[in-house]
Amino acid sequence: DRTLDPERPGDFNQAVMELGATVCIPNGTPACDTCPVSSWCQARKSEKEDKSMSVTDYPSKSEKAQKREERVGITVVRVVSPGEEKITKSSGKFLLVKRPPGGLLAGLWEFPLQHVDAKASKGKIQSVLDDYLNTTIRLEYKTSDDAKLRVKHRRALGEAVHVFSHIRMTMCIEELCLEGELPSLECPDDVQWITYDKLSEKGLSSGVKKVLSKYNDHHKKSKNSIAKFFVAKT
């Protein structure tokens, strides 16, 4: 604080950054003999007083904390119109849920997500997600043909790992495609239906973008696997 120039603090900050980049090099050999502030350097003083010490011992690196392992089930839910003949990856509307205002990724939008046990089976993960969608989101759907909102298809999209500063999260991803009239939602500020084209405008986190990438990759592979049957024979 005594060194900082109150009239030109920005110049001081820039000078310190230049010093670190060109003189007090952290991953090389510091040029202590030509350093303009070496007389004030406590690391340099320690080196002179104790020959076993070196300026490169500073700053000491703290041991990184072990990342907490978490596993979550995520479902990409969308509703398509009844009788829609050609269903593509962008058909229908997608369900997004807003995260709480506090905590990790506060206020960002995501696909429905629930924490699951480390060894939870595919069936157990689906059951946890179904319970969340039915109970919390109030989204009712069935597999029967006469249901107002029926399951058209449900498929696993694979897993993806997303790493935070203190968490390593394994995401078990699925797609749940429902057919029927688009149901109204009780809390539109926290839960919304949105078109595929508008997804990128909702402030998605990098983790949610990984989920969307898995979804896109699956549909790209499906399209390519079908297209090979329509290649003209030579």
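Please read these numbers as outputs of a predicted model, since none were measured by experiment.

Rules used throughout
Residues numbered from 1 in each chain as written. Predicted model: local features only at pLDDT ≥ 70, side-chain atom pairs only at ≥ 80, totals over all residues. Heavy atoms only, no water. Helix = DSSP H or I, 4+ residues; strand = E, 2+ residues; numbered from the N terminus. Expected span 1.5 Å × (residues − 1). Buried < 20%, exposed > 50% of the residue type's maximum accessible area, 1.4 Å probe, protein only. Arc of directions from axis to C-beta. Contact = heavy atoms within 4.5 Å. Salt bridge = Lys/Arg side-chain N within 4 Å of Asp/Glu carboxyl O. Core = buried A, V, L, I, M, F, W, Y, C linked by side-chain atoms within 4.5 Å.

Here the focus is helix H3 (residues 122–135). Here H3 is 14 residues long and its end C-alpha atoms lie 20 Å apart, about the 20 Å a rise of 1.5 Å per residue gives. Within H3 the residues assigned to the buried category are Ile 125, Gln 126, Leu 129, Tyr 132 and Leu 133. Here the buried residues of H3 occupy an arc of 125° about the axis, which is enough to place them on one side. The secondary structure elements touched by the buried residues of H3 are strand S1 (68–80), strand S2 (93–98), strand S4 (113–115), strand S5 (149–163) and strand S6 (167–180).

Once that is clear, we can look at the pattern of salt bridges. Per the stated rule, a full pass over the model turns up 15 salt bridges. Here Arg 154 ties to Glu 174 by a salt bridge, and the two come within 2.9 Å at their closest N and O atoms. One end of the pair, Arg 154, is in strand S5; the other, Glu 174, is in strand S6, and 20 residues separate them in sequence. When the shortest N-O distance is used, the salt bridge between Glu 175 and Arg 155 registers 3.2 Å. Residue Glu 175 is found in strand S6, and its partner Arg 155 is found in strand S5; the two are separated by 20 residues along the sequence. Taken together, the shared-partner salt bridges connect Asp 145, Arg 150, Lys 152 and Glu 179 into one network.

It is worth spelling out the nonpolar core at this point. Among the nonpolar cores identified, the biggest contains 23 residues, and Phe 111, Met 171 and Leu 199 are the most heavily contacted of them. Not counting residues within four places of it along the chain, the set of residues in contact with Met 171 comprises Val 72, Ile 74, Gly 158, Glu 159, Ala 160, His 162, Gly 207, Lys 210 and Val 211. Grouped together as the second largest cluster of nonpolar side chains are 16 residues, Leu 95, Leu 133, Leu 139 and Leu 176 included.

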